[in-house]
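# Observations on the three-dimensional arrangement
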Amino acid sequence: MKKIRTLKKVISAALALLIVSCALSFFGGCDSEDPVRIHIRANSDADCDQAVKYIVRDEVVDLLTPALDNVTSKDEAYGVISSMTKDIKKTADRILSVCGFAYFARAYMSYEYFPDRDYGGKVYPAGYYDALIVELGAAKGGNWWCVAYPPLCFYGEDGSVEYASLIAEYLAMLG
(Lines give C-alpha, C1' and ligand atoms only; values in the text may rest on other atoms or scores of the structure.)
Protein backbone atom coordinates (compact mmCIF):
# COMPACT_ATOMS: atom_id res chain seq x y z
CA MET A 1 0.00 0.00 0.00
CA LYS A 2 2.87 2.34 0.85
CA LYS A 3 4.49 1.59 -2.52
CA ILE A 4 1.26 2.54 -4.33
CA ARG A 5 1.09 5.93 -2.50
CA THR A 6 4.76 6.57 -3.31
CA LEU A 7 4.17 5.64 -6.94
CA LYS A 8 1.14 7.96 -7.07
CA LYS A 9 3.26 10.80 -5.66
CA VAL A 10 6.00 10.18 -8.21
CA ILE A 11 3.48 10.09 -11.07
CA SER A 12 1.76 13.24 -9.76
CA ALA A 13 5.08 15.05 -9.49
CA ALA A 14 6.07 13.96 -13.01
CA LEU A 15 2.73 15.12 -14.41
CA ALA A 16 3.08 18.45 -12.62
CA LEU A 17 6.56 18.92 -14.08
CA LEU A 18 5.27 18.02 -17.54
CA ILE A 19 2.43 20.54 -17.27
CA VAL A 20 4.77 23.28 -16.04
CA SER A 21 7.25 22.46 -18.80
CA CYS A 22 4.54 22.63 -21.47
CA ALA A 23 3.18 25.90 -20.09
CA LEU A 24 6.64 27.47 -20.02
CA SER A 25 7.28 26.27 -23.56
CA PHE A 26 3.96 27.66 -24.80
CA PHE A 27 4.05 30.96 -22.94
CA GLY A 28 7.78 31.42 -23.26
CA GLY A 29 7.31 32.60 -26.85
CA CYS A 30 8.24 36.16 -25.96
CA ASP A 31 11.68 35.04 -24.92
CA SER A 32 12.28 33.37 -28.26
CA GLU A 33 15.44 34.53 -29.92
CA ASP A 34 14.08 33.54 -33.32
CA PRO A 35 10.73 35.19 -34.01
CA VAL A 36 9.16 36.22 -37.31
CA ARG A 37 8.64 39.97 -37.28
CA ILE A 38 6.53 42.38 -39.31
CA HIS A 39 7.94 45.70 -40.48
CA ILE A 40 5.81 48.25 -42.33
CA ARG A 41 7.69 51.24 -43.74
CA ALA A 42 5.76 54.39 -44.65
CA ASN A 43 6.44 56.32 -47.85
CA SER A 44 7.52 59.42 -45.87
CA ASP A 45 6.97 61.18 -42.57
CA ALA A 46 4.13 63.29 -44.00
CA ASP A 47 0.96 62.98 -41.92
CA CYS A 48 -0.98 61.41 -44.80
CA ASP A 49 1.73 58.79 -45.42
CA GLN A 50 1.88 57.95 -41.73
CA ALA A 51 -1.92 57.69 -41.53
CA VAL A 52 -2.17 55.30 -44.49
CA LYS A 53 0.62 53.19 -42.95
CA TYR A 54 -1.67 52.46 -39.99
CA ILE A 55 -4.58 51.61 -42.27
CA VAL A 56 -2.32 49.19 -44.14
CA ARG A 57 -1.11 47.79 -40.80
CA ASP A 58 -4.68 47.10 -39.68
CA GLU A 59 -5.51 45.35 -42.94
CA VAL A 60 -2.30 43.28 -42.91
CA VAL A 61 -2.98 42.20 -39.33
CA ASP A 62 -6.57 41.40 -40.31
CA LEU A 63 -5.30 39.31 -43.23
CA LEU A 64 -2.64 37.43 -41.22
CA THR A 65 -4.67 36.86 -38.06
CA PRO A 66 -6.74 33.86 -39.17
CA ALA A 67 -3.82 32.38 -41.10
CA LEU A 68 -1.51 32.42 -38.07
CA ASP A 69 -4.12 31.43 -35.49
CA ASN A 70 -3.12 27.77 -35.22
CA VAL A 71 0.55 28.06 -36.17
CA THR A 72 2.81 26.19 -33.75
CA SER A 73 6.32 26.77 -35.05
CA LYS A 74 8.51 29.51 -36.45
CA ASP A 75 9.05 27.58 -39.69
CA GLU A 76 5.31 27.14 -40.14
CA ALA A 77 4.69 30.86 -39.47
CA TYR A 78 7.40 31.81 -41.94
CA GLY A 79 5.87 29.55 -44.59
CA VAL A 80 2.36 30.88 -44.04
CA ILE A 81 3.46 34.51 -44.20
CA SER A 82 5.70 33.84 -47.23
CA SER A 83 2.79 32.29 -49.09
CA MET A 84 0.70 35.39 -48.42
CA THR A 85 3.08 38.12 -49.64
CA LYS A 86 1.20 38.57 -52.96
CA ASP A 87 -2.10 38.95 -51.11
CA ILE A 88 -0.49 41.36 -48.64
CA LYS A 89 0.85 43.47 -51.53
CA LYS A 90 -2.56 43.45 -53.25
CA THR A 91 -4.23 44.49 -50.00
CA ALA A 92 -1.79 47.35 -49.43
CA ASP A 93 -2.06 48.48 -53.07
CA ARG A 94 -5.87 48.48 -52.83
CA ILE A 95 -5.74 50.67 -49.73
CA LEU A 96 -3.23 53.05 -51.31
CA SER A 97 -5.42 53.35 -54.42
CA VAL A 98 -8.67 53.89 -52.51
CA CYS A 99 -6.94 56.56 -50.42
CA GLY A 100 -5.74 58.34 -53.55
CA PHE A 101 -2.00 57.60 -53.39
CA ALA A 102 -0.04 57.29 -56.63
CA TYR A 103 2.60 54.94 -55.20
CA PHE A 104 2.48 51.20 -54.67
CA ALA A 105 3.51 48.66 -52.02
CA ARG A 106 6.04 45.87 -51.94
CA ALA A 107 5.72 42.87 -49.62
CA TYR A 108 8.47 40.30 -49.17
CA MET A 109 10.24 38.16 -46.63
CA SER A 110 13.72 39.21 -45.57
CA TYR A 111 16.37 38.64 -42.94
CA GLU A 112 17.03 42.12 -41.53
CA TYR A 113 18.54 43.96 -38.64
CA PHE A 114 16.20 45.28 -35.94
CA PRO A 115 17.18 47.44 -32.96
CA ASP A 116 16.25 46.49 -29.38
CA ARG A 117 12.50 46.44 -29.05
CA ASP A 118 10.67 46.54 -25.72
CA TYR A 119 7.19 45.05 -25.58
CA GLY A 120 6.03 46.13 -22.12
CA GLY A 121 9.26 45.11 -20.40
CA LYS A 122 10.04 42.08 -22.58
CA VAL A 123 12.96 42.99 -24.82
CA TYR A 124 13.81 41.47 -28.14
CA PRO A 125 17.53 42.21 -28.44
CA ALA A 126 18.98 44.00 -31.43
CA GLY A 127 19.96 41.63 -34.18
CA TYR A 128 18.94 40.00 -37.43
CA TYR A 129 15.49 38.45 -37.69
CA ASP A 130 13.27 36.92 -40.33
CA ALA A 131 10.56 39.42 -41.16
CA LEU A 132 7.69 40.30 -43.42
CA ILE A 133 8.64 43.65 -44.93
CA VAL A 134 5.89 45.88 -46.31
CA GLU A 135 7.25 48.97 -48.03
CA LEU A 136 4.87 51.73 -49.05
CA GLY A 137 6.12 53.94 -51.88
CA ALA A 138 9.67 55.14 -51.24
CA ALA A 139 9.62 53.53 -47.75
CA LYS A 140 11.58 56.47 -46.29
CA GLY A 141 9.20 57.42 -43.48
CA GLY A 142 8.62 56.32 -39.93
CA ASN A 143 7.84 52.65 -39.59
CA TRP A 144 5.86 50.20 -37.49
CA TRP A 145 6.89 46.73 -36.39
CA CYS A 146 5.70 43.89 -34.24
CA VAL A 147 6.24 40.17 -33.76
CA ALA A 148 3.97 37.85 -35.74
CA TYR A 149 5.40 34.68 -34.25
CA PRO A 150 5.69 33.65 -31.46
CA PRO A 151 2.73 35.38 -29.83
CA LEU A 152 3.34 38.96 -28.80
CA CYS A 153 3.76 39.86 -25.12
CA PHE A 154 1.89 42.74 -23.57
CA TYR A 155 1.63 43.99 -20.04
CA GLY A 156 -1.78 44.59 -18.52
CA GLU A 157 -2.70 47.84 -16.81
CA ASP A 158 -2.02 46.23 -13.43
CA GLY A 159 1.50 45.21 -14.50
CA SER A 160 0.67 41.55 -15.01
CA VAL A 161 1.98 39.81 -18.10
CA GLU A 162 -0.56 38.98 -20.77
CA TYR A 163 0.33 36.70 -23.65
CA ALA A 164 -1.56 37.37 -26.84
CA SER A 165 -1.47 36.50 -30.48
CA LEU A 166 -2.15 38.94 -33.27
CA ILE A 167 -5.79 37.88 -33.01
CA ALA A 168 -6.05 39.01 -29.40
CA GLU A 169 -4.25 42.27 -30.19
CA TYR A 170 -6.54 43.03 -33.11
CA LEU A 171 -9.72 42.13 -31.20
CA ALA A 172 -8.60 44.35 -28.32
CA MET A 173 -8.13 47.22 -30.75
CA LEU A 174 -11.70 46.75 -31.97
CA GLY A 175 -12.84 47.23 -28.41
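Residues numbered from 1 in each chain as written. Predicted model: local features only at pLDDT ≥ 70, side-chain atom pairs only at ≥ 80, totals over all residues. Heavy atoms only, no water.

## Let's talk about the sheet that holds strand β1 (residues 36-41)
Taken in spatial order, the four strands make up an open sheet running β2-β5-β1-β6, and their pairing is mixed. Each edge of the open sheet carries a strand with a single partner, namely β2 (105-114) and β6 (143-149). On average, each strand axis in the sheet is inclined to that of its neighbour by 25 degrees, with strand direction left out of account. Here six bridges tie β1 to β6, and the two strands are oriented antiparallel to one another. If you follow Arg41 over to β6, its bridge partner there is Asn143. Its contacts with the sheet place helix α2 (residues 47-68) against β1, β5 (127-136) and β6, and it is angled at close to 5 degrees to β6. Against the sheet, helix α3 (residues 74-83) engages β1, β2, β5 and β6, with an angle of about 35 degrees to β1. (Pairing = 2+ DSSP bridges. Helix = DSSP H or I, 4+ residues; strand = E, 2+ residues; numbered from the N terminus. Axes fitted to C-alpha atoms, helices over the stretch in contact; angles between N-to-C directions. Contact = heavy atoms within 4.5 Å.)

## As for the packing of α2 against α3
For the pair α2 and α3, the least separation of the axes is 10 Å and the interaxial angle reads 135 degrees. In terms of orientation, α2 lies oblique with respect to α3. With respect to the hand of their crossing, α2 and α3 are arranged in right-handed fashion. Across from Leu64, Ala67 and Leu68 in α2, the residues of α3 making contact are Ala77, Val80 and Ile81. (Parallel < 35°, antiparallel > 145°, perpendicular 65-115°, else oblique. Left-handed = near helix turned anticlockwise from the far one by under 90°.)

## Some details on the side chain of Thr85
Along the polypeptide, Thr85 turns up in helix α4 (residues 85-98). Discounting residues that sit within four places of it in the chain, Thr85 has contacts with Ala107, Tyr108, Met109 and Leu132.

## Considerations on the pairing of β1
Judged by how many residues are buried, β1 sits mostly within the fold: six of six residues are covered. On β1, burial covers both faces: Val36, Ile38 and Ile40 on one face and Arg37, His39 and Arg41 on the other are all buried. Where β1 lies against β5, six bridges are found, and the strand directions are parallel. What sits directly across from Val36, in β5, is Asp130. (Buried < 20%, exposed > 50% of the residue type's maximum accessible area, 1.4 Å probe, protein only.)

## Quick notes on the packing of aromatic side chains
One pass over the full model with this rule turns up four aromatic pairs. Relative to Tyr128, the ring of Tyr111 has its centre 5.9 Å away and its plane inclined at 25 degrees; by these criteria the two rings are stacked. On the criterion of sequence distance, the pair formed by Tyr111 in strand β2 and Tyr128 in strand β5 is long-range, its members being 17 residues apart. The class for Tyr111 is exposed, based on a relative accessible area of 53%. Measuring from centroid to centroid gives 6.1 Å for Phe114 and Tyr129, while their planes differ by 75 degrees, and the two rings are edge-to-face. In this pair, Phe114 is assigned in strand β2 and Tyr129 in strand β5, connecting sequence segments 15 residues apart. Assessed through its relative accessible area of 0%, Phe114 is described here as buried. Look at Tyr129 and you get buried, because its relative accessible area is 3%. Each residue in the set Tyr111, Tyr113 and Tyr128 is aromatic and connected to the rest through ring pairs, giving one cluster. (Phe/Tyr/Trp six-rings, centres within 6.5 Å; stacked < 30°, edge-to-face > 60°.)

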